[in-house]
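# An overview of the molecular structure
One-letter residues, chain by chain:
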Amino acid sequence: MSIETLPWISDQCPGVAVSRRSPLSVVPALVRDPLQALPPEIYREPVVYSQVAGRRRILLADPALIHEALVRNADALNKGEDVRRALGPALGRGLLTADGAHWRWQRQSVAPAFRHEKLLGLLPSMIAAAEKTRERWLAPGAGASVGIGREMMRTTFDIIVDTMMSGPGEIDVARVERGITDYLKPTGWVFALSILDLPDWLPYPGRRRAAAAAAYLRSSVTRMIAERRRNPDGREDLVALLLAASDPESGRTMTDEEIADNLLTFVTAGHETTALGLAWTFLLLARHPEQEARVVAEIDAVTQGGPVRPEHIGQLAYARQVFSEAMRLYPPAPIITRTATRSFALGGFRVPEGAVVIVPIHAVHHHAALWTDPARFDPERFAPEPAKARHRYAYMPFGAGPRICIGSAFATMEAVAIMAVLLQAVRLRARSDAMPDPMMKVTLRPRREAEMSVERRHPFQGAVTQMS
Ligand code: HEM
């Protein structure tokens, strides 16, 4: 059937639920926590239509519709102005925020850094960073409790800087980390201004701090790029790939600014998400002793009580299931959005140019029609048989289609390596029975830093093991 004969999607379409929340209720929720601005219907219905400030928004939770939009009609969708207004000042037009040909050559340029053999070579560095965290926790005089989000950020930050940029060089790691948090904090305001079509320059709380953070982040990587141009030293990392990349259409290479866009993109996208996925994993395991015992037993069986080695990581199947289930309940990137650059067919309707298509991953992962007892933590859902029986897009912590996370295999390897090293040595205990409330600031984090107490696990003796 030709697309012209299809009816436009609207609040009158059969099978399309409608949200009639007013901007007066949506916008404050968006500023506080965009998850709270989602229409509750999307946790039960396949598709929800809403119009806020004259803009059509189509929310999809049906896996078949998500496939039709993000995969089959990927060329009719781009990241859109909301995303660029929120992230552009820090990430410019790097891989996450760019569209079209500019996105494509950047993706092709960095792809070699994420090939399977290359990733296997990064495992020693991932294990070593986790060992550093373990030794910090078990050092004489260390406190008995840790802020689990902060600790995981530190660990994954060490890994991303070490693996992608061959180490921090002159970068002040603590300041960069703080800068990223300061930058992300007020992004709800930016989304709200963008949805209401209000200008960029309007003031909002945290704006000046976010701008200072973005400037600091950029100046620190720009210095590093200049140093690498002066001393190209044969290293084979992401920086080298970006320095060597050339656009297949024009033949031009990347400017320092474009390289900085991408380094900032990888540092930001590549450490916060995995850190939060791990923090939620440990918070869940602390409240589920049976599953915790099973992961620990698997780690002990695979490592035979010795140090965790790169070849062990692929054998830790249950640990991977646990991490997957934690990301189902608490997807680190809980909402993705696109804007239609032309009209396209979706589920028998026509989506108009300019409409915003929202895939609320959090709602898909908790959807009443897709999951039995969706709120229950159950890593068995990711055992091979049940996983095979599920629609491919009922679970999508890394997104879908050509814009799927380039770091998904990196993140999974890293998470399992960190779980193995830490759970082998320590037991993490929560302060209360209830899970902390989640809050979205681009990524999904505990509303308040969650403190966990650290107990040395018997019979781990605390031998510091250096990777050979
Ligand atoms: C558990 C950890 C992670 C999660 C849950 C996650 C999630 C996502 C999601 C959902 C997207 C798609 C966004 C969209 O469609 O709008 C994405 C894109 C991206 N992620 Fe990840 N990510 C993780 C780890 C990483 C890591 C470790 C890296 C880098 C080392 C990374 C780099 C990127 C980049 C560069 C993009 C943009 C890709 C493109 O548009 O071509 N991510 N991520």
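All of the points below concern the structure found in this document.

Rules used throughout
Residues numbered from 1 in each chain as written. Predicted model: local features only at pLDDT ≥ 70, side-chain atom pairs only at ≥ 80, totals over all residues. Heavy atoms only, no water. Donors = N, O, S within 2.8 Å, 3.2 Å for Na, K, Ca; no water. Helix = DSSP H or I, 4+ residues; strand = E, 2+ residues; numbered from the N terminus. Phe/Tyr/Trp six-rings, centres within 6.5 Å; stacked < 30°, edge-to-face > 60°. Lys NZ or Arg CZ within 6 Å of the ring centre and 35° of its normal. Pairing = 2+ DSSP bridges. Polar contact = N/O pair within 3.5 Å; in protein donor to acceptor, adjacent residues only side chain to side chain.

The next point concerns the coordination of the iron atom of the ligand. Looking at the iron atom of the ligand, one finds just one donor atom contributed by the protein, C405 (SG), at 2.3 Å. Position of C405 among the secondary structure elements: in the loop between α17 (384-389) and α18 (408-425).

In the structure shown here, the tally under the stated rule is 5 aromatic pairs. Through a chain of ring-to-ring contacts, the aromatic side chains of F114, F266 and F410 assemble into a single cluster. We note R294 situated over the ring of Y318; from NZ or CZ to the ring centre the distance is 3.9 Å. Positioned above the aromatic ring of F382 is the side chain of R390, whose terminal nitrogen or guanidinium carbon lies 4.7 Å from the ring centre.

Spatially, the 6 strands line up as an open sheet ordered β1-β2-β3-β9-β6-β4, and their pairing is mixed. Of all the strands in the sheet, just β1 (17-19) and β4 (77-78) have a single pairing partner and so form its edges. Relative to strand β2 (residues 47-52), β1 runs parallel, the two being bridged by 3 bridges. Each residue of the ladder has a partner; that of A17, found in β2, is V48.

Next up on the list: the environment of Q12. By secondary structure assignment, the location of Q12 is in the segment before β1. Sequence-wise, Q12 and Y49 are 37 residues apart; in three dimensions their C-alpha atoms are separated by 9.6 Å. There is a polar contact of 3.2 Å between the side chain of Q12 and the side chain of D11.

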